[in-house]
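Understanding the architecture of this molecule
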Amino acid sequence: MWTASDLLTIYLLVSLYGVDPRIAGGLFLAGLVANGTADLCVGLWLDRHPYRAAPLAMCSLVLAAASFPATILLAPHGPWALLAATLVFRIAYAGCDVPHNALMTRLGSTPPRAAWLARVRTIGTALASLVAAWGARGTDAAATATSLWIMALAALLVGSAMVPLLATAPLAAAKAAPTTRACRLTGLPVSFLAASIIGIVALAGLAKAVLHLPAASIDGSMILALLIAGRTLSALLPVPNGTTSCGSTSLCGTYLAAAVIAATCAYSIGAVTVVLLGFAMGATNLVGWALLPALADGPRAYGVYTMTSKLALGASGLVLAGGLGGVATFGPATFSAFALAVAGACIMAAVLARIPLTPPVHHAFPTS
């Protein structure tokens, strides 16, 4: 749902480099629009050329790692320099992200394996976020630059591990025609996509908002650590690995729980509520990814899913910027209203998630 770089980027741009929150939110949205469009294009291309995923992923990994630090370090050179670096990074990232996500279909060939992989993703993202939180501790440009380059190198080394898997287990295109016109366009049930978009916008926006509470509340690096802790704990949550109906019910339940947590944040923000917010984000992400292999119609569906997820993340940054209104921190009343709006959005996502999810292919989990 959110990556280590997502929270780190806006936090550093606004807090360390003094970039206007509205500009930071606009840059974030522009980058994710480009990223989402590239995701869709990569997914469609891989549907036709599944055996070329490995070289595409490797080249994209190198370019993404080389350009990531510039998305923050070019802040002194103005928004246009940041925009150029952001576009390069986000488009390059799509070339490795979509093959990685589509690879989950091959590796998660049964429901239990898909659920296990979703747990591994959750824990892996939490570990990456720990690195991001460590990088956010820098108080000057030199320390921040060192941290960012270390993160980029680590991402390149870890990400390269998927290239041999893509070479030995090439992606497979869809095996059967989708059952509805909507599924033909997206490769996924529309209600699942809509619930995911609303949930990501709401919860990611609230997580970013907590980082911009008055300084007297909780330190920013501590908030990141608490969010990461909650997300890591979500990996212990039992994940349904049976029917899609069971998965739909579980996704609905996690969004309802997230609504309660968001409403609680509106009245009291402390260490416990921040951990619970991280848990809610991790839980909805975990259940969604565990359910995705049963619904995805080949690499195209993964391209659509990652595209919509990143557009939703970008929208959350823009919503945050609007909520802040050009200042660096929320007022108490403004934050309470923002959190209550997030709770309402989570309820809407829960209603959409409860709609029966009809797999777009005849065989939910590929066996070869």
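About the thresholds
Here the residue numbers are simple positions, counted from 1 along each chain's written sequence. Side-chain atom pairs in this predicted model are given and counted only at pLDDT of 80 or more, local residue features only at pLDDT of at least 70, and totals for whole chains, interfaces and linings cover all residues. For the side-chain quantities, the full set of heavy atoms in the structure was used; hydrogens and water were omitted. Labels follow the DSSP assignment, with helices taken as runs of H or I lasting at least four residues and strands as runs of E lasting at least two, numbered in each case from the N terminus. Each residue is placed in one exposure class: buried if its accessible area under a 1.4 Å probe, protein chains only, is under 20% of its type's maximum, exposed if it is over 50%, and partly exposed if it falls in between. Note on definitions: a residue-residue contact is assigned when non-hydrogen atoms from the two residues lie within 4.5 Å. In this description, accessible areas are obtained by the Shrake-Rupley approach with a 1.4 Å probe, and a residue is regarded as covered only by the protein chains that are shown. Helices are assigned an expected span. That span is 1.5 Å times one less than the residue count. Values of pLDDT, which run from 0 to 100, indicate the predictor's confidence residue by residue. Definitions used throughout: a 1 Å grid over protein atoms alone; a cavity as a set of points that fits a 1.4 Å probe which cannot get out; a pocket as an open set with protein on both sides within 12 Å along at least five of seven lines; a lining residue as one with an atom within 4 Å of a point. Grid points are joined across faces, edges and corners, and a volume is the space filled by probe spheres set on the points. Lines fitted to C-alpha atoms define the axes, with helix axes restricted to the stretch in contact, and inter-axis angles between N-to-C directions lie between 0 and 180 degrees. Roughly parallel means an angle under 35 degrees; roughly antiparallel, over 145; roughly perpendicular, 65 to 115; everything else is oblique. Crossing handedness is defined as follows: a turn of the near helix away from the far one that is anticlockwise and smaller than a right angle gives a left-handed crossing, while the clockwise case is right-handed. Classification used: nonpolar for Ala, Val, Leu, Ile, Met, Phe, Trp, Tyr, Cys and Pro, charged for Asp, Glu, Lys and Arg, polar for all others including Gly. Only centres within 6.5 Å qualify two rings of Phe, Tyr or Trp (six-membered ring in Trp) as a pair; their planes then separate them into stacked at under 30 degrees, edge-to-face at over 60, and tilted for everything else.

The next thing to look at is the overall build of the protein. Along the backbone of the protein there are 15 helices and zero strands. A buried classification covers 54% of the 368 residues belonging to the protein. Restricting to contacts in the protein with at least 6 residues of sequence separation, those with at least 24 account for 86%. If you sum the accessible surface of the protein, you get close to 14400 Å²; carbon and sulfur atoms cover 72% of it.

What follows deals with helix H10 (residues 190–210). Along an α-helix, residues three or four apart share an orientation, since each turn contains 3.6 residues. With 21 residues, H10 extends 30 Å from end C-alpha to end C-alpha; this agrees with the ideal 30 Å at 1.5 Å per step. The buried fraction of H10 is high, at 16 of 21 residues.

Another aspect to go through is the environment of Thr-9. Tracing the backbone through its elements, the reader meets Thr-9 in helix H1 (residues 4–15). A relative accessible area of 10% places Thr-9 in the buried class. In this structure Thr-9 touches Phe-68 and Ile-72, once residues within four positions along its chain are discounted.

Moving on, we get to the confidence of the model for the protein. One rule of thumb: low pLDDT means the predicted coordinates there are not for detailed reading. Summarising the model, the protein shows a mean pLDDT of 75, and 70% of its residues fall at 70 or more. Averaged pLDDT values for the elements of the protein fall to 53 in helix H9 (residues 181–186) and rise to 88 in helix H3 (residues 53–67). Ignoring residues within four places in sequence, the model shows residues 173–182, a span with pLDDT below 50, making 25 contacts including any to other chains. This stretch, residues 359–368, has a pLDDT under 50; its non-local contacts, to residues over four places away or in other chains, come to 33 contacts.

Turning to empty space enclosed by the protein, a few remarks are in order. Applying the stated rule across the entire model yields five cavities of 30 Å³ or more. One number sums up the size of the largest cavity: a volume of about 100 Å³. Those elements that provide at least two residues to the lining of the largest cavity are H1, helix H2 (21–48) and helix H5 (79–107). If one sorts the elements of the lining of the largest cavity by residue count, H1 sits on top with four residues.

Further remarks concern the packing of H10 against helix H13 (residues 271–295). Between H10 and H13, the shortest axis-to-axis distance is 11 Å and the interhelical angle comes to 155°. Between H10 and H13, the crossing angle belongs to the class labelled roughly antiparallel. Crossing of H10 over H13 shows left-handed handedness. When H10 is examined against H13, the residues Phe-192, Leu-203, Ala-204, Leu-206, Ala-207 and Val-210 are found in contact with a partner set consisting of Val-274, Leu-277, Ala-280, Met-281, Thr-284, Gly-288, Leu-291, Leu-292 and Leu-295. Residue classes in the contact of H10 with H13 are distributed as 13 nonpolar, two polar and no charged.

In this section: the packing of aromatic side chains. Pairs of aromatic rings are described using the distance from one ring centre to the other and the angle between the two planes. Summed over the entire model, instances satisfying the criterion amount to two aromatic pairs. Aromatic ring contacts, followed pair by pair, group Phe-68, Phe-89 and Tyr-93 into a single cluster.

Once that is clear, we can look at the environment of Asn-35. Within the secondary structure, Asn-35 sits in helix H2. For Asn-35 and Met-307, which are 272 residues apart along the polypeptide, the C-alpha to C-alpha distance reads 6.9 Å. Contact partners of Asn-35, with chain neighbours within four places excluded, come to Arg-90, Tyr-93, Ala-94 and Lys-310.

Here we take up the side chain of Asp-97. Tracing the backbone shows Asp-97 in helix H5. Discounting chain neighbours no more than four positions away, the residues touching Asp-97 are Thr-306 and Lys-310.

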